[in-house]
Amino acid sequence: MQKKILAVDDDPHILILVKTRLQANGYEVVTAVDGEECIQKLLSEKPDLLILDVMLPKMDGYNVLITLKEMRMLGKNIPKVPVIMLTARGEPRIRELIEKEDIKAYILKPFYSKELLETIKKIIG
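Residues numbered from 1 in each chain as written. Predicted model: local features only at pLDDT ≥ 70, side-chain atom pairs only at ≥ 80, totals over all residues. Heavy atoms only, no water.

Enquirer: Account for the overall build of the protein, naming residues and giving values.
Expert: For the protein, the helix and strand inventory stands at 5 helices and 5 strands. The linear arrangement of helices and strands in the protein, starting from the amino end, is β-α-β-α-β-α-β-α-β-α. Buried residues in the protein amount to 46% of all 125 residues. (Helix = DSSP H or I, 4+ residues; strand = E, 2+ residues; numbered from the N terminus. Buried < 20%, exposed > 50% of the residue type's maximum accessible area, 1.4 Å probe, protein only.)

Next up, the structure:
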């Protein structure tokens, strides 16, 4: 069965790159361009993995994770999926979140497609 990945980034070039590379490697890819759309698609699409940019309009990647956690604590049926964070800079806050949330990896931009694919394969196959 094909694994589904939700890729979230406000840069259309990065979304096209990620979507094209992942589809070429047998993954189904759904995209979102901001934090609010990310939450909506996470609920409707039920992906196996979330690739999440840190800097997003409407709600940044950190707040997406915090909102999802809060929704789970309130008893909402929110799927818990592994997360790969994409960031333009190595931020100390990511290290904190890796310990507290289900962040499996973070990748610095610019990144190589090969690095992203290898990371995905380690996490979901």
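Structure shown, so let's carry the discussion forward.
Enquirer: Describe the pairing of strand 3 (residues 49-53), and please don't skip the residues or the numbers.
Expert: Burial analysis of strand 3 places 5 of its 5 residues in the buried class, which makes it a mostly covered element. A two-sided burial pattern is seen for strand 3, the buried positions comprising L49, I51 and D53 on one face and L50 and L52 on the other. Strand direction decides the pairing type here: strand 1 (residues 4-8) and strand 3, joined by 4 bridges, are parallel. Along strand 3, the bridge assignment pairs V8 with L52. Two elements, strand 3 and strand 4 (residues 83-87), share 4 bridges in a ladder whose sense is parallel. Within strand 4, the position partnered with I51 by the bridge is I84. (Pairing = 2+ DSSP bridges.)

Enquirer: With reference to specific residues and values, describe the side chain of D9.
Expert: By the secondary structure assignment, D9 is in the loop between strand 1 and helix 1 (12-24). Side-chain polar atoms of D9 contact the backbone nitrogen of D11, separated by 2.8 Å. A polar atom in the side chain of D9 sits 2.8 Å from the side chain of K109. Leave out the neighbours within four places in its chain, and D9 touches I14, L15, A32, V33, D53, L56, L86 and K109. (Polar contact = N/O pair within 3.5 Å; in protein donor to acceptor, adjacent residues only side chain to side chain. Contact = heavy atoms within 4.5 Å.)

Enquirer: Lay out the sheet that holds strand 5 (residues 103-108) in plain terms, naming residues and giving numbers.
Expert: What the 5 strands build is an open sheet, ordered 2-1-3-4-5; its pairing is parallel. With one partner strand each, in any of the chains shown, strand 2 (28-32) and strand 5 form the two edges of the open sheet. With strand direction ignored, the average angle separating the axes of adjacent strands in the sheet is 20 degrees. Helix-sheet contacts for helix 2 (residues 35-45) involve strand 1, strand 2 and strand 3, and the interaxial angle to strand 2 is about 145 degrees. (Axes fitted to C-alpha atoms, helices over the stretch in contact; angles between N-to-C directions.)

Enquirer: Could you give an account of helix 5 (residues 113-124), naming the residues involved and the relevant values?
Expert: Look at helix 5: 16 Å from first C-alpha to last across 12 residues, which is about the 16 Å you get at 1.5 Å a residue. Among all positions of helix 5, only S113, L116, L117, T119, I120 and I124 are buried. Around the axis of helix 5, the buried residues are gathered within 165 degrees of arc, so they sit on the same side. Of the residues in helix 5, the exposed ones pointing more than 90 degrees away from the buried face are K114 and K122. The secondary structure elements touched by the buried residues of helix 5 are strand 1, helix 1, strand 3, strand 4 and strand 5. One or two steps after helix 5, the chain reaches G125, where phi turns positive at roughly 90 degrees. (Expected span 1.5 Å × (residues − 1). Arc of directions from axis to C-beta.)

Enquirer: Kindly report on the environment of I51, identifying the contributing residues and their values.
Expert: The topology assignment puts I51 in strand 3. With relative accessibility at 1%, the residue I51 sits in the buried group. Put simply, I51 and M85 are 34 residues apart on the chain and 5.9 Å apart in space, counted from C-alpha to C-alpha. Contact partners of I51, with chain neighbours within four places excluded, come to I5, L6, A7, V8, V18, L22, I84, L86, L116 and I120.

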